[in-house]
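Structural overview for review
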Amino acid sequence: MVNFTTEQLRQLMDYKYNIRSMSVIAHVDHGKSTLTDSLVAKAGIIAQKHAGETRYTDTRADEAERGITIKSTGISMFFEYAMSDGDRAEVAAAEGRAVKVTGGTEDAVKDATAGAEQSESTSDALNITDNSYLINLIDSPGHVDFSSEVTAALRITDGALVVVDTIEGVCVQTETVLRQAIGERVKPVLHVNKVDRALLELQLSPEDMYQSFARAIESVNVIIATYNDELLGDCQVYPEKGTVSFGSGLHQWGFTLCKFARMYSEKFGIAYDKMMIKLWGDNYFDAKGKKWVRNDKEGTLERAFCQFIMSPICKMFAAIMEDKKAKIQKLLKVVGVSLKKDEEELVGKPLLKRVMQKWLPVGDAILEMIVVKLPSPAAAQRYRVGNLYDGPLDDPAANAIRTCDTGPDAPLMMYISKMVPSSDRGRFFAFGRVFSGKIATGQKVRIMGPNYVPGKKTDLWIKNIQRTLIMMGRVQEQVQDIPAGNTCGLVGVDQYLLKSGTITTLEEAHCIKTMKFSVSPVVRCAVEPKKAQDLPKLVEGLKRLAKSDPMVLCYTEESGEHIIAATGELHLEICLKDLQEDFMGTDVKVSDPVVSYRESIAANSSQTCLSKSPNKHNRLYMEALPLSDELADAIETGKISAKDDPKLRARAMADDYGWDVTEARKIWSFGPDGSGPNLVYDVTKGVNYLLEIKESVAAGFQWAAKQSVLCDEQMRSVCFKLMDVTLHADAIHRGMGQIMPTARRVMFASMLTASPILQEPIFLVDISVPQDAMGGCYGVLTRRRGVVFSEEQRPGTPMVQMKAHMPVMESFGFNADVRAATGGKAFPQMVFSHWQSMNGDPLDGTTKPGEVVVKVRERKGLTPEVPPLDRFLDRL
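1. A word on the pairing of strand E29 (residues 678–682)
Burial analysis of E29 places 5 of its 5 residues in the buried class, which makes it a mostly covered element. Residue alternation in E29 divides its side chains into two sets, Asn678, Val680 and Asp682 and Leu679 and Tyr681, and both sets are buried. Here 4 bridges tie strand E28 (residues 667–671) to E29, and the two strands are oriented antiparallel to one another. For Ile667, the partnering residue across the bridge sits in E29 and is Tyr681. Between the antiparallel neighbours E28 and E29 lie 6 residues, among them Asp673 with a positive phi of about 60 degrees. Relative to strand E31 (residues 718–726), E29 runs parallel, the two being bridged by 4 bridges. By the bridge assignment, Val680 is partnered in E31 with Phe720.

2. What about helix H6 (residues 147–155)?
Of all 9 residues making up H6, 9 are buried, and the element is well covered by its neighbours. Those residues of H6 not exposed but buried are Ser147, Ser148, Glu149, Val150, Thr151, Ala152, Ala153, Leu154 and Arg155.

3. Considerations on unusual backbone geometry
Despite not being glycine, Arg185 has its phi angle at roughly 55 degrees, a positive value. Counting through the fold element by element, Arg185 comes out in the loop between helix H7 (172–183) and strand E5 (187–193). When its relative accessible area of 9% is taken as the criterion, Arg185 is described as buried. A positive phi angle, close to 60 degrees, is found at Asp459, a residue other than glycine. You can see Asp459 is positioned in the loop between strand E13 (444–448) and strand E14 (460–464). Residue Asp459 is classed as partly exposed on the basis of its relative accessible area of 24%.

4. Looking at the sheet that holds E28
Read across the open sheet, the 5 strands follow the order E26-E27-E31-E29-E28; overall the sheet is mixed. A single partner strand is all that each edge strand has here, and the edge strands are strand E26 (609–612) and E28. Strand-to-strand, the axes of this sheet are offset by a mean angle of 25 degrees, without reference to chain direction. Along the sheet face, helix H24 (residues 694–706) touches strand E27 (619–626), E28, E29 and E31 and points at about 25 degrees away from the line of E28.

5. Brief notes about the pairing of E26
In E26, alternate side chains face the same way, and those of Cys609 and Ser611 on one face and Leu610 and Lys612 on the other are all buried. Relative to E27, E26 is paired through 4 bridges, and the arrangement is antiparallel. What sits directly across from Leu610, in E27, is Tyr621. Hairpin geometry of E26 and E27 is characterised by an intervening segment of 6 residues between the two adjacent antiparallel strands and by a positive phi of about 60 degrees at Lys616.

6. Describing the packing of H6 against H7
Viewed as axis vectors pointing N to C, H6 and H7 meet at an angle of 30 degrees, and their least axial separation amounts to 10 Å. One element, H6, and the other, H7, form an angle in the roughly parallel class. The hand of the H6/H7 crossing is right-handed. In this structure, H6 uses Ser147, Val150, Thr151 and Leu154 to contact H7, whose residues at the interface are Gln173, Val177, Gln180 and Ala181. Here the residues of the contact of H6 with H7 are counted per class, giving 4 nonpolar, 4 polar and no charged.

7. Considering the environment of Gly159
For Gly159, the location among the structural elements is in strand E4 (residues 159–165). Look at Gly159 and you get buried, because its relative accessible area is 0%. Apart from residues no more than four positions distant in its own chain, Gly159 is found in contact with Ser21, Met22, Ser23, Val186, Lys187 and Leu374.

8. Quick word on the pattern of salt bridges
Taken as a whole and assessed by the stated rule, the structure comprises 30 salt bridges. Among the salt bridges present, the one from Asp481 reaches Arg10, with a minimum N-O distance of 3.0 Å. Within this pair, whereas Asp481 is found in strand E17 (residues 481–483), its partner Arg10 is found in helix H1 (residues 6–12), the two being separated by 471 residues in sequence. Look at Asp481 and you get buried, because its relative accessible area is 17%. Put simply, Arg524 and Glu713 hold a salt bridge, and the shortest N to O gap is 3.5 Å. You can see Arg524 sitting in strand E20 (residues 523–529) and its partner Glu713 sitting in the loop between H24 and strand E30 (714–715), a full 189 residues away along the chain. No difference in accessibility class separates Arg524 from Glu713, as the two residues are buried. It is possible to trace a salt-bridge network through shared partners that takes in Arg155, Asp158, Glu184, Arg384 and Arg433.

Criteria and cut-off values
- Residues numbered from 1 in each chain as written.
- Predicted model: local features only at pLDDT ≥ 70, side-chain atom pairs only at ≥ 80, totals over all residues.
- Heavy atoms only, no water.
- Buried < 20%, exposed > 50% of the residue type's maximum accessible area, 1.4 Å probe, protein only.
- Helix = DSSP H or I, 4+ residues; strand = E, 2+ residues; numbered from the N terminus.
- Pairing = 2+ DSSP bridges.
- Axes fitted to C-alpha atoms, helices over the stretch in contact; angles between N-to-C directions.
- Contact = heavy atoms within 4.5 Å.
- Parallel < 35°, antiparallel > 145°, perpendicular 65-115°, else oblique.
- Left-handed = near helix turned anticlockwise from the far one by under 90°.
- Nonpolar A, V, L, I, M, F, W, Y, C, P; charged D, E, K, R; others polar.
- Salt bridge = Lys/Arg side-chain N within 4 Å of Asp/Glu carboxyl O.

What follows is the structure, encoded as structure tokens:
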């Protein structure tokens, strides 16, 4: 029975201090969806006895079948939670600052809530008190191919529940998602999951379990400290501060130290705060001397955490698994659990689950962490506004976001982070979060795409919102309006926005920053319809596919191929399945996956190259030189970008990357797409009319960088110096049509004279494998040009974690291969790492890069051989 109504949810949305938005993030198969069930069951949406097996947030058929989460799913739930006075003071301190910052007083806030409560008590709805909380939870996928979904989820939430498997510890993907979370200034709390496995399968002693928990917590804190953000403050997790919980999602039990500290502080008459500190770390209780000591007296004493928490749990496990009826009854009386008639007949694991569920419900532990430790929107948006808003941080929009303003005249600011497919085919709900103001059905808003520039008309639509919805996992509830601090779905926006965008009512508002993804689409394949008459269907299907996933790219090559680019093999497979089943309804022919390459150079040009314009009146002289890898990476990650102030950028390039300041100030353009890791700058002296051709040279450079000379792939880390220019005196003879093709030709010439090389994408492969099966992994990696660069033994387990670099080109079918070679014992995970130059000359058809160039050229329908130098290089 669902214990709340849509009306209640809508009323609760007005209390911005009682909202918590959080996402669940973790490595693949560490138990996110299973854990989410505990909260869904606590809200009464699914039955308690099915919790843990239902995986309510896996809404798609293939998610249930494969047992992995593919799309992140949002769900809003209502909870009652009574805080203790200490917790209330702690939370109020975090938000009291918010009260002072906004210039109001605490009384003003009280008056507002009092007013709201009076208006409610007159209506005969259920009363909403200070103890009611609205939790917007997003369950995200753990698989590395879908980490773009995680980014989309983190953008619209303020807190993150990080789940770590106590046996496997912190894995690659845990680190990736934590880094993303801290980059978005999202506050983490930790749940150590699968404790039941440590007790039942590994049969660990309480002390070993303490060590394994401590290791997991320490690894998480190391990652948090590495990427720490000043404005977030100290967001490391500590069990003694209540930001870590332990438990098992599958058996639905879990606890934080708070629960036990409360129990024991009443029993022993010790202050609660003091008890919390004693229950973790090197604290031992000496029963003889009735005192706390810091050392274990040669191993005679048991650590407090083990003695007071883990030992009782171990006893309960042992009694139930050995089926000692009398002992079970005695233990149940001690912990105060009463079983129903039909439950007493259970034996083994089912009984264990029921008992543990009643004794230590995991929903309560997690709810307590969410409510007390994670920030409300009002507290979080104060420090997040700098990361969110693209404009000046003191304009009305930024101020409204900073205070999470829900007043009647507050400007609406909302970010759409992803599109969710709706029940009628081909239409989508836009899913996002309101940062200020209120979004209402039928409201007239400005819909701004990611390329919108304030004051211009590009990427801007002024339309009405058709409907606003509360997203509830598998169902949606329609409401009239949704105020700031909440996540919501919109109908009728999907026609204008492609994947993400900003919705506002303020004319001079800037966009909310677009999301930075930690992966890039490097695996592509071409699709074509099986029957020619299905072509329109395919084009329409590709448009819908591009909407439905934050990361996938769908475009048409010049040869007429339709290309889908995804982050990895699994991602590509899911995209093709969606395309065929949901967006088209017919089968398509799929080519083998292909990999994108980058073209670069290894040395400076051997000569200054010259090209003449088609009318022979203008000459451009240019040289190419390679950019350093550090600078190319900095441009790709956005540390140095085309939008920066040129003088500051020049200073940064001189200080960090050894450029000359005067040259760095004369950068004309970055490319491709105005932001890539290639650039053109000018070192000419005293050329007349030079600035008139700047646009034309930049346009030619963008074209050349997008489709380079070897095989029409993009350039990477190439930098062109414009040495000298001879121009015709008459303006009509040096127009765009004369200069642009010439600029492209001279760039190709200077590339071909600078020993061109091909760069291929490299995956970072992370394999966890038992020691006895390592040989198989090495064999497979060597066959596929992989290089193992680290392997470490997991303490306390027979597992080894290997890390290797392997070309993406060799990665197809790698998972199946490794599983076959190790008898299914190895778990590989691949994520794009970097670009690496291939050895050999790409102009020579017998080398490996040469073969690749020929293959790519044939696939694109070009002549198999690279055009010769004299096609681009002119003589004086």
